[in-house]
Amino acid sequence: NAGVTQTPKFQVLKTGQSMTLQCAQDMNHEYMSWYRQDPGMGLRLIHYSVGAGITDQGEVPNGYNVSRSTTEDFPLRLLSAAPSQTSVYFCASSLDTPYSSYNSPLHFGNGTRLTVT
Amino acid sequence: KNEVEQSPQNLTAQEGEFITINCSYSVGISALHWLQQHPGGGIVSLFMLSSGKKKHGRLIATINIQEKHSSLHITASHPRDSAVYICAVSDSGGSNYKLTFGKGTLLTVNP
């Protein structure tokens, strides 16, 4: 199993450009999520999905869109990049939701470092 | 929204020392996660707890639900344990699909 694969690893955008961060997992996980990590702050949830066709907003969803057409893929779209979106982005998946009493650890991708100039 | 506090923020130890990292939260939870992030690297899940204690190798995680507190212990620390350790919780209330993260504890273990 490849686990959680995130692409690209690095990206530089100009203000106003759009792009899609890709996330794929091959573990048949139902729960997938996107986070951003900024210096001095904890990881913050952008969007999440509890299964194909189901998505919902997290703590900081503005400026981002997601879709979940298949169990495997959960792309994150930046509609019109802004310097405030400069961050490191992580995708994560788990077999069940994070609150489940079932032992369902999160599996993270290696991250995408995005710079918006 | 749950508030998650980790202490200490930074910790420097000598190889072989016993390490404790603490995590406190403000609202009742359904599960707590401990994660490890190496410098410039990805994030790895260490433990997921809803009660009691778990052990994996030299790592031990405990949780006290009544006191809203969890600890991560590392026995016989080694330089390869140097990393940021992150605590995350999922609320037992309506937002239980979402995780709230602490800011992390930077551990440096010197040889």
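Let's talk about the overall build of chain A
In terms of helices and strands, chain A carries zero helices and eleven strands. Shown N-terminal to C-terminal, the secondary structure of chain A runs as helices and strands in the order β-β-β-β-β-β-β-β-β-β-β. At 14 Å, chain A has a C-alpha radius of gyration in line with the 13 Å of a compact globule built from 117 residues. Expressed as lengths along the three principal axes of its C-alpha atoms, the size of chain A is roughly 40 × 30 × 25 Å. The buried share of chain A, reckoned over its 117 residues, is 50%.

Things to note about the pairing of strand β1 (residues 4-7) of chain A
The two faces of a sheet get side chains in turn, since along a regular strand they alternate between them. Residues and elements named next belong to chain A. Side chains of β1 alternate between two faces, with Val 4 and Gln 6 buried and Thr 5 and Thr 7 left unburied. Where β1 meets strand β3 (residues 19-25), four bridges bridge the pair, whose relative direction is antiparallel. Residue pairing in the sheet places Thr 7 in a bridge with Gln 22 of β3.

Some remarks on the pattern of salt bridges
All names here are of chain A. Counting across every chain of the model gives three salt bridges over all chains. Measuring nitrogen to oxygen at the nearest pair gives 2.9 Å for the salt bridge that ties Asp 38 to Arg 36. For Asp 38, a relative accessible area of 10% translates into the label buried. Here Arg 36 falls in the buried class, since its relative accessible area comes to 8%. Through salt bridges with shared partners, a single network forms among Arg 36, Asp 38 and Arg 44.

As for the interface of chain A and chain B
On the side of chain B, 22 residues touch chain A, which itself brings 26 residues to the contact. Carbon and sulfur atoms make up 62% of the surface buried where chain A meets chain B, a total of about 1900 Å² over both sides. Remark: the boundary between chain A and chain B carries zero salt bridges. Remark: the boundary between chain A and chain B carries one residue pair in polar contact (both at pLDDT 80 or more). Residue assignment for the side of chain A that touches chain B shows that the elements contributing at least two residues are β4 (31-37) and β5 (44-51) of chain A. Within the side of chain A that touches chain B, the residues separate by chemical class into 14 nonpolar, eleven polar and one charged.

Overview of the sheet that holds strand β8 (residues 69-74) of chain B
All names here are of chain B. What the five strands build is an open sheet, ordered β1-β3-β8-β7-β6; its pairing is antiparallel. Of all strands in the sheet, those bounded by a partner on one side alone are β1 (4-7) and β6 (52-56). Along the sheet, successive strands turn relative to each other by an average axial angle of 15°, direction set aside. Both strand β3 (residues 19-25) and β8 contribute to a ladder of six bridges, which runs antiparallel. Among the inter-strand pairings, Ile 19 is bridged to a residue of β8, identified as Ile 74.

Considering the state of the cysteines
Note: disulfide means a covalent bond formed between the sulfur atoms of two cysteine side chains. Residues and elements named next belong to chain B. Scanning the model with the defined rule gives two disulfides over all chains in all. At a sulfur-sulfur separation of 2.0 Å, the disulfide partner of Cys 23 is Cys 87. On the S-S bond that ties Cys 23 to Cys 87, the torsion sits near -60°, and the link is left-handed. Linking Cys 23 in strand β3 with Cys 87 in strand β9 (residues 83-91), this pair joins segments that are 64 residues apart in sequence. Cys 87 shares its class with Cys 23; the two are buried.

What about the confidence of the model for chain B?
For chain B, the average pLDDT comes to 91, and 95% of its residues sit at 70 or higher. No element of chain B has a lower mean pLDDT than strand β10 (residues 99-101) of chain B, which averages 89, and none a higher one than β8(B), which averages 98.

Conventions adopted
Residues numbered from 1 in each chain as written. Chains lettered and ligands numbered in written order. Predicted model: local features only at pLDDT ≥ 70, side-chain atom pairs only at ≥ 80, totals over all residues. Heavy atoms only, no water. Helix = DSSP H or I, 4+ residues; strand = E, 2+ residues; numbered from the N terminus. Rg over C-alpha atoms; globule rule 2.2 N^0.38 Å. Buried < 20%, exposed > 50% of the residue type's maximum accessible area, 1.4 Å probe, protein only. Pairing = 2+ DSSP bridges. Salt bridge = Lys/Arg side-chain N within 4 Å of Asp/Glu carboxyl O. Contact = heavy atoms within 4.5 Å. Buried area = accessible area lost by both parts, 1.4 Å probe. Polar contact = N/O pair within 3.5 Å; in protein donor to acceptor, adjacent residues only side chain to side chain. Nonpolar A, V, L, I, M, F, W, Y, C, P; charged D, E, K, R; others polar. Axes fitted to C-alpha atoms, helices over the stretch in contact; angles between N-to-C directions. Disulfide = S-S within 2.5 Å. pLDDT = per-residue confidence, 0-100.

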